[in-house]
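Examination of the molecular architecture
Okay, here's what each chain looks like letter by letter:
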Amino acid sequence: MGYQLASRALPLIAPPLLRRRLKRGKEDPVRWREKLAEPTAQRPVGPLVWLHAVGLGEVLALRGLITAMADQRPDLSFLVTSTARSSAQVMGANLPANTQHQFLPVDAPQYIARFLDHWRPDLSIWSEQDLWPNAVIAAHKRAIPAALVNARITAQSFEKRKAGRALYRAILSRMSLIAAQEDGTARRLAALGGENIRVTGSLKSAAPPLGHDPDALRALQSALKGRTVWLAASTHAGDEAEAIAAQQALYQECSASLLILIPRNPDRAPDIEKALSAANLPHSRRSTALPTPADAVHIADTYGELGLFYRLAGKALIGGGFDDIGGHNPWEAAALDTAILFGPDTYNFAADYDHLTGADAALCVSPGQLAAALSDPRLPGMSRNAHALWQATRTALDPLATDLLALMKDTP
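Attention here is on the structure that accompanies the text. (Residues numbered from 1 in each chain as written. Predicted model: local features only at pLDDT ≥ 70, side-chain atom pairs only at ≥ 80, totals over all residues. Heavy atoms only, no water.)

Overall, parallel pairing links the 7 strands, which are arranged E10-E11-E9-E8-E12-E13-E14 in an open sheet. The outermost strands of the open sheet, each flanked by one partner alone, are strand E10 (283-285) and strand E14 (363-364). Bridge count between strand E13 (residues 339-342) and E14: 2 bridges; the pairing is parallel. Looking at E14, one finds that Leu341 is bridged to Leu363. Here helix H12 (residues 269-278) sits on the sheet and contacts strand E9 (257-263), E10 and strand E11 (297-299); the angle it forms with E10, its principal contact strand, is near 170°. (Pairing = 2+ DSSP bridges. Helix = DSSP H or I, 4+ residues; strand = E, 2+ residues; numbered from the N terminus. Contact = heavy atoms within 4.5 Å. Axes fitted to C-alpha atoms, helices over the stretch in contact; angles between N-to-C directions.)

Printed below as a string of structure tokens:
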């Protein structure tokens, strides 16, 4: 296979490339060599399930599946791998019991062999679209069963992947089980060579609540006493423009109003500060200070604290709905009793938002209407409905967990 031959050269370019990324702050300075198959943790004793996802949202979504599998097999340990630095930072604060995180090595045969020699997984589970050919094929050669879960492939992505159909067939044919989020994905994966496909929905709706630091929560609750707090979570520039305009109106009406603005990329905090200054909204940053009574906006420019902020506010605009981003995950808010508002552009989470709005559990907001929507009297009831939907999904993972565990050779 051409990919496998070309990837043998990766050890020549991977170290200098990773060092350049390290200098730019894009790699973990302590753990970056995990990507060269130099582990920083020991393999636990007993059967080990290895799960991989590419980024922050995908990694966090695996927690519900891990919990469901552990409930059925308390003897299991879990290894979660990812590639994005942010996913490691946030996952570290949200690891389920008997679970550890490592970065997946670069997909070179030499690195993958060292990784598998060290961890010796009894089952490999891949999530969404992040499939590494050498890792999948090498695991298959070692008789490690594999599955693809939470799979999602859009029509646009399918068209791009058709040119590499032979490579996808080589990967997908080695999956003993494929769980797709919806029917369209199931059909597209079958056309690319997948077998044993079923539709099980999204894992994100069944993930446990995000974790938090209790001391940090108490400190913020004290600082925010008497304030009316709302969130704009996982935002991009278009979401921020809507949130800032809404907060201008709310703050003029009541100085007790406070917006906690949580950008998807905390590095954008300086740009957000410029926009807030232009809007004459006093503000502070989480990385430098607690919010003061004079602040209209508090910028949460840190990683891994979304669970903390959802516990402080009863209402949240979920970002990605005003930027042609396709929306972001609403279930993290639902799990923590936060009313969900969202913009009209949610194609990446269409099924999730359709489910929520169909149950009167979330509110779609048109441009320029956010301030009014935040005062909608239906929001408390929507929050309760969303939380009930989230609770109902918790047991929905049990059949998938059972089928995944059945793939393991040592299944009792």
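A general tendency of soluble globular proteins is for nonpolar side chains to be buried together. By size, the foremost hydrophobic cluster in this structure holds 65 residues, and its most contacted members are Met69, Ile260, Ile340 and Leu404. For this core, the element with the most residues is helix H3 (residues 56-72), which contributes 8 residues. What Ile260 contacts, discounting residues up to four positions off in sequence, is Leu224, Val229, Trp230, Leu231, Ala232, His298, Ala300, Phe309 and Leu312. Residues Tyr251, Leu261, Ala339 and Leu363 belong to the second largest nonpolar core, which totals 28 residues. (Core = buried A, V, L, I, M, F, W, Y, C linked by side-chain atoms within 4.5 Å. Buried < 20%, exposed > 50% of the residue type's maximum accessible area, 1.4 Å probe, protein only.)

A word on the packing of H3 against helix H4 (residues 85-92). As a packed pair, H3 and H4 sit with axes 8 Å apart at the nearest point and diverge in direction by 30°. Once H3 is placed against H4, the crossing between them reads as right-handed. For the pair H3 and H4, contact is made by Leu56, Val59, Leu60 and Arg63 and by Ser86, Ser87, Val90 and Met91, respectively. In the contact of H3 with H4, the residues fall into 5 nonpolar, 2 polar and 1 charged. (Left-handed = near helix turned anticlockwise from the far one by under 90°. Nonpolar A, V, L, I, M, F, W, Y, C, P; charged D, E, K, R; others polar.)

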